[in-house]
Amino acid sequence: MDTLLSEKHQLIWAAWTSLTTALVSLSRDWEDRTPPPLYWGEDQLPLKRIQRLKPEQFGLHGGYFKQHGHIHFVLPASLTRGLDLSRGLFLASSFNGWEAAIGNREWRLSPGLVRGRQCHTLRIREQELAGLPDATFKFVTGTDEWIEVPEDTANVHVDAFGIKNYLFCPHRSGAHLFKIELPLPLSQSEDRHLFLKIDGIVQSIRLSPGIFLKSLKTDSPLGANVESNQTAFRLFAPRAARVDLYVFSDHDGPEGPPIRMRFTESLVWEAILDGNLHGAYYHYRIRGLESNEVGYFNPEFRVLDPYAKATCGPQGPAIVVDDAVAFETPPQPFTPPRWHDLIIAEAHVRDLSAHAPVPLSPEQRLGFDGLRHYVETDDFYLSKLGVNAVELQPVHQYDATDREQYQWGYMPVNYFSPASQYASDPTRLTQIHEFKGLVEALHRKGLAVILDVVYNHVGEPNYLQYLDREYYFLLTGDGHHENFSGCGNTIDASTPMARRLIRDSLVHWITAYGVDGFRFDLGELIGRETLAWLEKELKAVRPEVILIAEPWSFRAHIGKELRETGFASWNDHYRETVREYILLRGNTGALRHAMLGSAPDWSRFPAQSVNYLASHDDRCWIDRITENPLHDGHRPTANDRRRTHLAVAILMSSIGIPMIASGMDMLKSKGGAHNTYLQGHLNAIPYCRMSEYPGTVAYFREWIAFRRGPLGRYLRLDTFPEGYVLTGTADPCFGILFNAGRQLGPERLFFVVNPGFEYAEFHLPETDLSSFVQIADTERWGHPVLGTPHFCRRGNGLFVPPLSCGLFLEK
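Residues numbered from 1 in each chain as written. Predicted model: local features only at pLDDT ≥ 70, side-chain atom pairs only at ≥ 80, totals over all residues. Heavy atoms only, no water.

### Topic: the sheet that holds strand 10 (residues 117-125)
And then number 1: Spatial strand order, 6-7-10-9: four strands in an open sheet with antiparallel pairing. At either end of the open sheet lies a strand with only one pairing partner, and these are strand 6 (64-67) and strand 9 (110-114). Here the strands of the sheet are splayed against their neighbours by 45° on average, with no regard to which way each runs.
And then number 2: Here strand 7 (residues 70-76) pairs with strand 10 via seven bridges, running antiparallel. Looking at the pairing, I71 lines up with I124 of strand 10.
And then number 3: Of the strands in this sheet, strand 6, strand 7, strand 9 and strand 10 are in contact with helix 2 (residues 55-62), which crosses strand 6 at around 160°. (Pairing = 2+ DSSP bridges. Helix = DSSP H or I, 4+ residues; strand = E, 2+ residues; numbered from the N terminus. Axes fitted to C-alpha atoms, helices over the stretch in contact; angles between N-to-C directions. Contact = heavy atoms within 4.5 Å.)

Encoded structure:
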């Protein structure tokens with residue numbers, strides 16, 4: 001073999017496919033008839049078998065292969081299920097202009113068979129691609145739907161934005177891939193390295209557990225479960241070499257002797273102890289063959305059970321919970337509003353109770369029990385506001401070690417236990433009955449309970465990585481955490497047991513506590529497929545469950561992809577559009593699209609768009625739009641207040657689910673602060689501002705009452721009726737007529753808004769507005785109509801004042 005050739009052959013990828021076999025990829029095609037000189041470990045153990053794969057086998061996974069003078073691009077038909085292929089399927093690449101290839105017959109794939117499998121294929125003569133450098137490519141439908149690269153693809157290329165494409169290399173076209181059989185199985189191999197020796201040059205590569213590891217799963221019960229007069233402990237840690245269980249009676253005392261667990265055929269570590277151990281404390285210690293940065297096994301570290309239903313704190317220990325004792329009384333029945341009837345307030349446990357105008361001890365203001373007391377009063381803020389659902393920021397066990405330290409809760413360490421920081425005595429399981437009592441109190445007030453849940457990353461300690469870092473997380477090539485969450489790590493939610501952990505946790509919150517729905521933080525990282533699977537699983541448990549996704553992350557945005565699921569999505573397009581419009585930086589076309597549920601590109605049904613103006617994150621509403629310097633809306637100007645009225649009027653007149661950040665109605669300000677996740681004094685609801693801005697508080701309540709009332713049905717749509725709305729503009733003024741064809745009843749509603757500083761003369765096409773009576777303006781609501789409307793009329797049109805809006809009714 002010549003030296004130049006040997007220098008170009010490198011080991012670039014190797015992954016287990018079973019306990020005894022693996023796939024190996026070289027940097028270029030291997031032309032020799034004899035197999036490459038590969039061996040196992042530093043002891044140079046010979047491999048039992050080295051088998052060259054057929055080029056088509058590479059093509060089925062890698063997207064292309066070379067055969068008989070042609071390059072064949074291949075996409076298995078299984079990857080196109082559910083897609084609209086009526087306009088064709090195309091190869092898009094850095095060598096054909098990406099989007100320019102869509103609709104071009106030259107790059108259109110045709111149905112075919114590859115090794116007996118139904119596929120879409122495109123054959124190109126090898127000469128046409130000769131001389132090309134390495135390129136990236138992807139497959140895309142004629143309707144502009146890009147097909148994601150499968151996780152097990154060997155030749156995946158990930159760019160700086162986390163976008164995955166196939167990598168096309170002219171010198172690596174199918175003859176570079178080998179299947180090997182190893183001398184020792186995965187569970188017995190402490191050395192995980194494969195070596196290639198050519199002309200005295202030795203290269204090595206660690207065999208990644210890869211897709212094989214990430215396919216492992218079990219159906220066995222997990223966690224600590226009381227079964228008859230025994231307590232069974234089960235843990236999924238498939239590559240652990242040994243797991244010890246410690247059970248003890250004093251959470252601050254000695255952990256006691258280790259109980260060695262056995263590894264079962266169902267891939268779980270198990271220990272079954274005599275007696276009902278309800279209330280006992282426990283944790284695990286785990287040994288593994290690889291304790292380096294990739295394996296991350298550490299026998300000195302106390303591992304908190306990911307299925308623990310209660311924990312003393314973020315560092316454990318876990319507490320054994322007998323469901324028959326802790327959840328003896330099932331949640332009281334409650335039927336949440338239909339999705340299109342929802343009006344949501346986003347809130348935080350401590351923000352609601354910190355300054356609540358009721359007698360509470362400082363201890364009570366920190367947690368579930370104090371908030372429950374406030375909820376049960378006649379003056380509970382959210383009841384007075386009039387919303388029918390509360391979206392609580394995370395209540396999972398999070399990582400703050402100081403109970404009094406304020407935190408938003410987006411750094412979870414356990415997905416089953418209510419936060420110990422919000423419990424009066426978590427060592428005695430008060431977090432369970434106190435959170436359950438809070439949910440029941442909210443239900444008695446007619447409020448559905450939606451939990452903000454964080455399944456895309458974890459806080460510290462990161463217990464999942466001590467179970468198996470490579471199984472549960474997305475890692476870089478050198479074993480470090482991918483950080484698409486911005487919080488230090490990203491869970492691989494596509495693996496079976498990560499999916500099951502999420503599903504089992506969600507079902508527990510539904511069945512044990514009566515929770516009505518969930519909002520998935522950074523849902524893009526959980527992924528469309530996993531979210532769609534979760535939807536099916538959860539609706540089988542509770543058909544009316546409310547499912548909302550935050551459809552973005554630091555990696556990508558899947559708002560449009562979720563359109564074909566039953567998820568609703570936080571609509572950031574809506575948030576930005578309305579703000580820019582009332583600040584005279586937007587346009588009426590974008591506003592129309594937002595107010596109509598961002599259909600059809602975002603929403604398949606009206607309630608799929610969660611419309612909001614601000615949330616806990618970033619600056620609050622008044623600080624974002626204030627005329628004051630440094631985004632400080634603490635003392636808002638008259639224009640700030642008026643624009644807030646325009647914004648809530650637009651929000652409540654829009655198709656979709658309206659969501660309000662708690663405190664917006666009292667013009668809550670954080671003084672311009674940007675990220676306040678640790679600053680409870682800035683986030684707490686300033687109830688005293690209700691008396692400073694009573695007109696704004698009343699205005700919000702009137703709009704919410706109208707939206708929930710009989711006439712609000714014309715805005716609370718279940719479907720998009722044909723010809724339902726008619727819109728017009730007198731830039732920057734915008735008007736919209738609902739029930740234009742009287743499809744849903746005899747009345748018609750007309751809403752008009754003018755964010756400008758001049759009067760606007762407005763006419764709605766083909767509509768005589770003289771028959772409409774005004775029922776609301778920028779400050780007031782009429783009962784049933786305004787006594788002194790200030791919108792002047794001219795013929796069949798209106799003069800709309802500056803910084804003003806109006807709602808009109810035609811019977």
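So, next bit.
### Notes on the pairing of strand 36 (residues 725-730)
And then number 1: Sheet topology places strand 36 next to strand 37 (residues 733-738); six bridges connect them, and they run antiparallel. Across the sheet, residue V725 finds its bridge partner in strand 37, namely F738.
And then number 2: Hairpin connection between strand 36 and strand 37: a loop of two residues separates the two successive antiparallel strands.

### A closer look at the state of the cysteines
And then number 1: Applying the stated criterion across every chain yields a total of zero disulfides.
And then number 2: The thiol sulfur of C792 is not disulfide-bonded, and the nearest other cysteine sulfur, from C733, lies at 14 Å.
And then number 3: Classification of C792 as partly exposed rests on a relative accessible area of 45%. (Disulfide = S-S within 2.5 Å. Buried < 20%, exposed > 50% of the residue type's maximum accessible area, 1.4 Å probe, protein only.)

### Examining the nonpolar core
And then number 1: The biggest cluster of nonpolar side chains holds 203 residues, and the ones touching the most others in it are F518 and F520.
And then number 2: The contact partners of F518, leaving out residues within four places of it in the chain, are I450, L451, V453, L506, W509, I510, L538, V545, I546, L547 and I548.
And then number 3: With 29 residues, the next largest nonpolar core counts W107, L109, V114 and C119 among its residues. (Core = buried A, V, L, I, M, F, W, Y, C linked by side-chain atoms within 4.5 Å.)

### A closer look at the sheet that holds strand 41 (residues 792-794)
And then number 1: One open sheet holds the three strands; their spatial order is 39-42-41, and the pairing between them is antiparallel. Taken across any chain shown, the strands that pair with only one partner, and hence form the sheet edges, are strand 39 (760-762) and strand 41. Taken pair by pair, the neighbouring strands of this sheet meet at an average axis angle of 30°, ignoring direction.

### Side note on the pairing of strand 15 (residues 177-181)
And then number 1: Relative to strand 15, strand 2 (residues 21-26) runs antiparallel, the two sharing five bridges. Bridging across to strand 15, S25 finds its partner in L177.
And then number 2: Here four bridges tie strand 5 (residues 49-52) to strand 15, and the two strands are oriented antiparallel to one another. When the bridges of strand 15 are listed, I50 appears paired with I180.

### Let's talk about the packing of helix 17 (residues 638-652) against helix 20 (residues 694-708)
And then number 1: Contact geometry for helix 17 and helix 20: axes closest at 10 Å, N-to-C directions at 10°. Taken together, the axis directions place helix 17 and helix 20 in an arrangement best described as roughly parallel. Contacts between helix 17 and helix 20 involve R641, T644, H645, V648, A649, L651 and M652 from the former and G695, T696, Y699, F700, W703, I704 and R707 from the latter.
And then number 2: Grouping the amino acids of the contact of helix 17 with helix 20 by side-chain chemistry returns eight nonpolar, four polar and two charged. (Parallel < 35°, antiparallel > 145°, perpendicular 65-115°, else oblique. Nonpolar A, V, L, I, M, F, W, Y, C, P; charged D, E, K, R; others polar.)

### Description of the environment of Q10
And then number 1: By secondary structure assignment, the location of Q10 is in the loop between helix 1 (3-8) and strand 1 (11-16).
And then number 2: Along the chain, Q10 and V358 lie 348 residues apart, while their C-alpha atoms are 71 Å from each other.
And then number 3: Filtering out sequence-adjacent residues up to four positions away, Q10 remains in contact with S25, L26, S27 and Q203.

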